[in-house]
Amino acid sequence: MVFIFNVNFPERRFVKQALQSFFGLGQNSCGRLMARFHLHDTARVGELGQSQILELNAALDGMKIENDLRRQVLQDIQRLRDTGTYRGRRHAMGLPVRGQNTRNQIKTATKMNRVERRL
């Protein structure tokens, strides 16, 4: 087991998959991180050296991911609701925010737009 950013990963797991498991890290940001540390796409977590793991942890520590990013998203939605903007009112009512049609097929949009949902 390898410990990266407060999470244990099995040694056989790909580094790219391990990085993408963090909230806020997608394909592009993982690709940039792996290129910065000269890691191949098929590199596994067990193949990383201790210095590479420490550098990766330092890079992840400088980024806004996981709980910090979740908190920021919720604060942004709350700011929109407090200022009374159109988007904020749509968030508050649980309706689609980005101009989707509400005449038909609204059930999915209302499920996805709940502020209290788990991000």
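- Within an unreviewed UniProt entry, the label attached to the protein reads Ribosomal protein S13, and the organism entered is Lithohypha guttulata.
- Per its UniProt entry, the protein bears the Sequence similarities (unreviewed entry) comment "Belongs to the universal ribosomal protein uS13 family."

As for the nonpolar core
Link 1 in the chain: Ranked by size, the top nonpolar core spans 21 residues in total, and within it Ile4, Val15, Leu19, Phe22, Val45, Leu48 and Leu60 carry the most contacts.
Link 2 in the chain: Listing elements by their share of this core, those giving two or more residues are strand E1 (2-4), helix H1 (15-20), helix H2 (27-36) and helix H3 (50-62).
Link 3 in the chain: With four residues, H3 is the largest single contributor of residues to this core.
Link 4 in the chain: Contacts of Val15, omitting those with residues within four sequence positions, involve Met34, Leu39, Ala43, Arg44, Val45 and Leu48.

A few points about the packing of helix H4 (residues 67-83) against helix H5 (residues 86-93)
Link 1 in the chain: Direction vectors running N to C along H4 and H5 enclose 110°, while the axes themselves pass 7 Å from each other. On the basis of the axis angle, H4 is roughly perpendicular to H5. Note on element contacts: H5 touches H4 through Arg87, Gly88, His91 and Ala92, opposite Ile77, Leu80 and Arg81.
Link 2 in the chain: When grouped by side-chain class, the residues that make up the contact of H4 with H5 number three nonpolar, two polar and two charged.

About the thresholds
Residues numbered from 1 in each chain as written. Predicted model: local features only at pLDDT ≥ 70, side-chain atom pairs only at ≥ 80, totals over all residues. Heavy atoms only, no water. UniProt positions renumbered as here; feature names shortened; annotations may be inferred. Core = buried A, V, L, I, M, F, W, Y, C linked by side-chain atoms within 4.5 Å. Buried < 20%, exposed > 50% of the residue type's maximum accessible area, 1.4 Å probe, protein only. Helix = DSSP H or I, 4+ residues; strand = E, 2+ residues; numbered from the N terminus. Contact = heavy atoms within 4.5 Å. Axes fitted to C-alpha atoms, helices over the stretch in contact; angles between N-to-C directions. Parallel < 35°, antiparallel > 145°, perpendicular 65-115°, else oblique. Nonpolar A, V, L, I, M, F, W, Y, C, P; charged D, E, K, R; others polar.

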